[in-house]
Amino acid sequence: MIIARSRQELQAALDTKRGSIGFVPTMGALHIGHRTLIEAARRENETVVVSIFVNPTQFLPGEDLSKYPRREEADFKICELSGVDVLFYPDVAAMYGSDEVRVCAPDVRGFILEGASRPGHFDGVLTVVMKLLNMVRPSRVYFGKKDAQQLALITQMVENLFMDVKIVPMETVREKDGLALSSRNVYLDEKQRVEALKLSAALKEATKMVMQGNLDAEKIKEAMMNLLKPLDVEYVAVVNRQFESLKEVVIGNTIVLVAARVGTTRLIDNVWM
Ligand code: AMP
């Protein structure tokens, strides 16, 4: 595995490769969710590139940028064992200069739900993804459905800006008890870890209601809110794949989402139906 720390090193590493490139952008503290993305990239491409970069522009002032988990050694090992060919591991100076052009999230879809809770977050996400895609120039790029709104906005950016890359959405990987894997789960103590199960339990209830024919979005959200008590819920939402709010679930075109704080840790989860 080649470790590239600058654009020049990345380019030199890619120059030695032929065929399709599968790319998995991450912020590190890798877990099995990340690994399933890497494994899919490994199956479907000649060359696999993973980036690890804790992107400062997607964190708001007061968020967990400085304490975001960093696990350099373990992450390198996981990449090596997963058959990664090139690990791109830049520092901030390799990615950003001063007074730069940025990508703007769309006015509506970019500023609801996650975008309302974290205004500016998606500008940072889209900007760094644009930079990374331009540097790696992959055939396919892999994103988790766990970050559903991020996936939708990146898909929209690729369409709106006529970018030439295939986006491969990947299912959310969960612990046996339902908790969606997240690098932020390390912030949870034992008691909070149990509380955090309320998110997946609420989504399970939403799925159950829909399977029983209860498609009313308000009723689903109400049932979810009851199960989420006493967590500090930022939103529960029922939207279509374009992130337009739905009054009724449309099977095959609905995402039910939740964001809540467990202690000071902000968790998100969703189910696609
Ligand atoms: P992150 O390191 O949190 O920025 O995540 C990097 C990529 O991994 C993103 O595309 C995430 O959506 C994806 N990802 C994170 N958690 C999971 C999970 N539990 N299952 C599947 N993909 C995930």
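Residues numbered from 1 in each chain as written. Predicted model: local features only at pLDDT ≥ 70, side-chain atom pairs only at ≥ 80, totals over all residues. Heavy atoms only, no water.

## Brief notes about helix α9 (residues 197–211)
Next, step 1: Its 15 residues place the ends of α9 21 Å apart at the C-alpha level, agreeing with the 21 Å of an ideal helix rising 1.5 Å per residue.
Next, step 2: Residues of α9 that are buried sit in contact with α10 (217–228), β8 (255–262) and β9 (265–272).
Next, step 3: Phi turns positive one or two residues past the end of α9, at Gly213, with a value near 95 degrees. (Helix = DSSP H or I, 4+ residues; strand = E, 2+ residues; numbered from the N terminus. Expected span 1.5 Å × (residues − 1). Contact = heavy atoms within 4.5 Å.)

## Some points on the domain arrangement of the protein chain
Next, step 1: Along its sequence, the protein chain is organised into domain 1 (2–170) and domain 2 (184–272).
Next, step 2: Counting residues at the interface gives 19 residues for domain 1, matched by 18 residues for domain 2.
Next, step 3: Three residues, Leu113, Glu114 and Lys146, lead the burial of domain 1 against domain 2; their summed loss comes to 30% of the area buried on that side.
Next, step 4: Between domain 1 and domain 2 we count two salt bridges in total.
Next, step 5: At the junction of domain 1 and domain 2, the tally comes to nine residue pairs in polar contact (both at pLDDT 80 or more).
Next, step 6: Among the elements of the structure, α5 (114–117) and α7 (148–160) are those that each provide at least two residues to the side of domain 1 that touches domain 2.
Next, step 7: Here the side of domain 1 that touches domain 2 gets four residues from one element, more than from any other, and that element is α7.
Next, step 8: Residue composition of the side of domain 1 that touches domain 2, by class: eight nonpolar, two polar and nine charged. (Domains from an automatic or database assignment. Buried area = accessible area lost by both parts, 1.4 Å probe. Salt bridge = Lys/Arg side-chain N within 4 Å of Asp/Glu carboxyl O. Polar contact = N/O pair within 3.5 Å; in protein donor to acceptor, adjacent residues only side chain to side chain. Nonpolar A, V, L, I, M, F, W, Y, C, P; charged D, E, K, R; others polar.)

## Observations concerning the environment of Ile268
Next, step 1: Secondary-structure assignment places Ile268 in strand β9.
Next, step 2: By relative accessible area, Ile268 is classed as buried at 18%.
Next, step 3: Considered as a pair, Ile268 and Ser200 are 68 residues apart in the sequence and their alpha carbons are 9.6 Å apart. (Buried < 20%, exposed > 50% of the residue type's maximum accessible area, 1.4 Å probe, protein only.)

## Let's talk about the pairing of strand β5 (residues 140–144)
Next, step 1: With respect to burial, β5 is a largely interior element, four of its five residues being buried.
Next, step 2: Sheet analysis places strand β2 (residues 21–26) next to β5, joined by two bridges and oriented parallel. Looking at the pairing, Phe23 lines up with Val141 of β5.
Next, step 3: The pairing of β5 with strand β6 (residues 166–170) spans five bridges and is classified as parallel. Among the inter-strand pairings, Arg140 is bridged to a residue of β6, identified as Lys166.
Next, step 4: For the segment spanning β5, α7 and β6, crossover handedness is right-handed. (Pairing = 2+ DSSP bridges. Right-handed = clockwise from strand over helix to strand, strands pointing away.)

## Comments concerning the pattern of salt bridges
Next, step 1: All chains considered together, the criterion is met by 13 salt bridges.
Next, step 2: Two residues, Lys198 and Glu195, come together in a salt bridge whose shortest N-O distance is 3.0 Å.
Next, step 3: The salt bridge partner of Glu205 is Lys208, with a shortest N-O separation of 3.9 Å. Pair noted here: Glu205 and Lys208 are both in helix α9, with a separation of three residues, about one helical turn.
Next, step 4: Residue classification places Glu205 among the partly exposed residues on the basis of a relative accessible area of 23%.
Next, step 5: It is possible to trace a salt-bridge network through shared partners that takes in Glu114, Glu234, Arg261 and Arg266.

## Describing the sheet that holds β8
Next, step 1: The sheet built from three strands is open, its strands ordered β7-β8-β9 with antiparallel pairing. Strands at the two margins of the open sheet, each flanked by one partner only, are β7 (232–239) and β9. Sheet twist, expressed as the average angle between the axes of neighbouring strands with direction ignored, equals 10 degrees.
Next, step 2: Of the strand pairs in this sheet, β8 and β9 are connected by eight bridges, and their pairing is antiparallel. The residue bridging Ile255 from the neighbouring strand is Trp272, located in β9.
Next, step 3: With respect to the sheet, α9 is in contact with β8 and β9, its orientation differing from that of β9 by roughly 20 degrees. (Axes fitted to C-alpha atoms, helices over the stretch in contact; angles between N-to-C directions.)

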